[in-house]
Amino acid sequence: MTEDEILDEFRSSDALLEGHFILSSGRHGAQYLQCARLLMDPQRAARMANALVAKIPQNIRRLIDIVVSPAMGGVIIGHEMGRALGLHALFLERPEGTFELRRGFRLEPGQKVLMMEDVVTTGLSSREAIQAIQNAGGEVIAAGALIDRSNGAAQFDVPFFPLLTLDIPSYAADALPPELAAIPAIKPGSRAEIPAK
C-alpha cells in the first residue's frame, strides 16, 4: 500500500481527527489517529496487517514465534498481525500501572516476539511493553506499529517497522503553540490517567 492509500483508509473511516488532543503519552497535538475507528472494519484491519507484514523482511518474519501487543490500542492490530503471520497473538495489560501478561497468557523462555502497537508517539509505552515481554521470558526481535507519529524519533533496541511514518508535531502541555492553546483539549485515547513524565 502507498502512503496515500493508507491515509485514505484513515480518512474514509473517520480515524484521522483534527482539533486539540491529549495523547496517551501526555503530549498534546492538533491531529489524532483513532486506530480503533480504522480497525473496527475487519477487512480494513486485515488489509493494514497484510501491508505491514509485507514490510517486515523475510529473514525477520520467519523468526517470529508470537505477536504480543499492549492493551488497549494494540490488541486488534496485534491480533490481525498474528492472523496474517499465522501465529498466536497475546496482549499485555496494566492492572496496577505496569504492563504484564494476564488471562493465562504466557511466553516460553526465549520465544521470539513481534511487539505490535497501533500508534507510536514517544515510544515510551512500546519500550515498557518490550520490557514486560522480556520479564515474561520472551525475546523481542522486532517492533511494529500502524503509525509512527514520531517521524522516526522513537528508538528501540530492535528493528522497528511502522506501516506509515508521519511528521505530526506534538507538544508538552506547557509549550503549546497559541493556536492549539486556544482550543479546549480532549483525550480520546484509552488510558484513563496521563502518566507523569
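(A) Just the pairing of strand S4 (residues 88-93), in detail. Bridging between strand S3 (residues 66-70) and S4 involves five bridges; their strand directions are parallel. Considered in S4, the bridge of serine 69 is made with phenylalanine 91. Between S3 and its parallel partner S4, the chain crosses via helix H5 (residues 74-85), and the hand of that crossover is right-handed. Where S4 lies against strand S5 (residues 100-101), two bridges are found, and the strand directions are antiparallel. Following the sheet pairing, glutamate 93 is matched in S5 by glutamate 100. Between the end of S4 and the start of S5, which pair antiparallel, lie six residues, with glycine 97 showing a positive phi angle near 95 degrees.

(B) Inspection of the pattern of salt bridges at higher detail. In total, this model carries nine salt bridges according to the counting rule given. Between arginine 44 and glutamate 9 there is a salt bridge, with its nearest N and O atoms 2.6 Å apart. Highlighted residues: arginine 44 in helix H3 (residues 42-55) and glutamate 9 in helix H1 (residues 3-12), separated in sequence by 35 residues. Each member of the pair arginine 44 and glutamate 9 is classed as buried.

(C) The arrangement of the pairing of strand S1 (residues 16-22) in detail. Bridge count for S1 against strand S2 (residues 28-33) is five bridges, and the pairing is antiparallel. Counted as the bridge partner of phenylalanine 21 is glycine 29 from S2. Linkage of S1 to S2, two consecutive antiparallel strands, is achieved through a turn of five residues, within which glycine 26 is found at a positive phi near 95 degrees.

(D) Spatial organisation of unusual backbone geometry. Of note, the bond from alanine 71 into methionine 72 is cis; its omega dihedral lies within 30 degrees of zero at 5 degrees. You will see that aspartate 14, though not glycine, has its phi angle at about 55 degrees, which is positive. Along the polypeptide, aspartate 14 turns up in the loop between H1 and S1. Positive phi, close to 60 degrees, is recorded for arginine 103, a residue that is not glycine. Examined against the element boundaries, arginine 103 turns out to sit in the loop between S5 and strand S6 (112-120). Looking at arginine 103, the relative accessible area reads 60%, which means it is exposed.

(E) Structural view of the packing of aromatic side chains. Within the structure shown, the criterion is met by three aromatic pairs. Judged by centre distance (5.2 Å) and plane angle (85 degrees), the rings of phenylalanine 91 and phenylalanine 105 are edge-to-face. Placement of phenylalanine 91 in strand S4 and of phenylalanine 105 in the loop between S5 and S6 is noted, with a sequence separation of 14 residues between them. For phenylalanine 105, a relative accessible area of 24% corresponds to the partly exposed category. Here the aromatic rings of phenylalanine 156 and phenylalanine 160 are separated by 4.9 Å at their centres, their planes lie at 70 degrees, and the arrangement is edge-to-face. According to the relative accessible area criterion, phenylalanine 156 is buried, its value standing at 12%. Stacked on the ring of phenylalanine 99, the Lys or Arg arginine 94 has its end atom at 3.9 Å from the ring centre.

(F) Quick peek at the sheet that holds S4. Pairing is mixed across the open sheet formed by six strands, whose spatial order is S5-S4-S3-S6-S7-S8. The sheet is open, and its two borders are formed by S5 and strand S8 (160-165), each paired with just one other strand. In the packing of H5 onto the sheet, contacts are made with S3, S4, S6 and strand S7 (139-148), and the angle to S6 comes to roughly 135 degrees.

(G) Local environment of H5. Under the 1.5 Å per step criterion, the end-to-end length of H5 is 16 Å for twelve residues, consistent within 8% with the ideal 16 Å. Downstream of H5 by one or two residues, glycine 86 has phi in the positive range, about 75 degrees.

(H) Region of the structure containing the side chain of glutamine 34. Positionally, glutamine 34 belongs in the loop between S2 and helix H2 (35-39). For glutamine 34, a relative accessible area of 18% gives the class buried. If we skip the residues at most four places from it in the chain, glutamine 34 touches Ala15, Leu17 and Pro188.

Criteria and thresholds
Residues numbered from 1 in each chain as written. Predicted model: local features only at pLDDT ≥ 70, side-chain atom pairs only at ≥ 80, totals over all residues. Heavy atoms only, no water. Pairing = 2+ DSSP bridges. Helix = DSSP H or I, 4+ residues; strand = E, 2+ residues; numbered from the N terminus. Right-handed = clockwise from strand over helix to strand, strands pointing away. Salt bridge = Lys/Arg side-chain N within 4 Å of Asp/Glu carboxyl O. Buried < 20%, exposed > 50% of the residue type's maximum accessible area, 1.4 Å probe, protein only. Phe/Tyr/Trp six-rings, centres within 6.5 Å; stacked < 30°, edge-to-face > 60°. Lys NZ or Arg CZ within 6 Å of the ring centre and 35° of its normal. Contact = heavy atoms within 4.5 Å. Axes fitted to C-alpha atoms, helices over the stretch in contact; angles between N-to-C directions. Expected span 1.5 Å × (residues − 1).

Shape is all these values report; function is a separate question.
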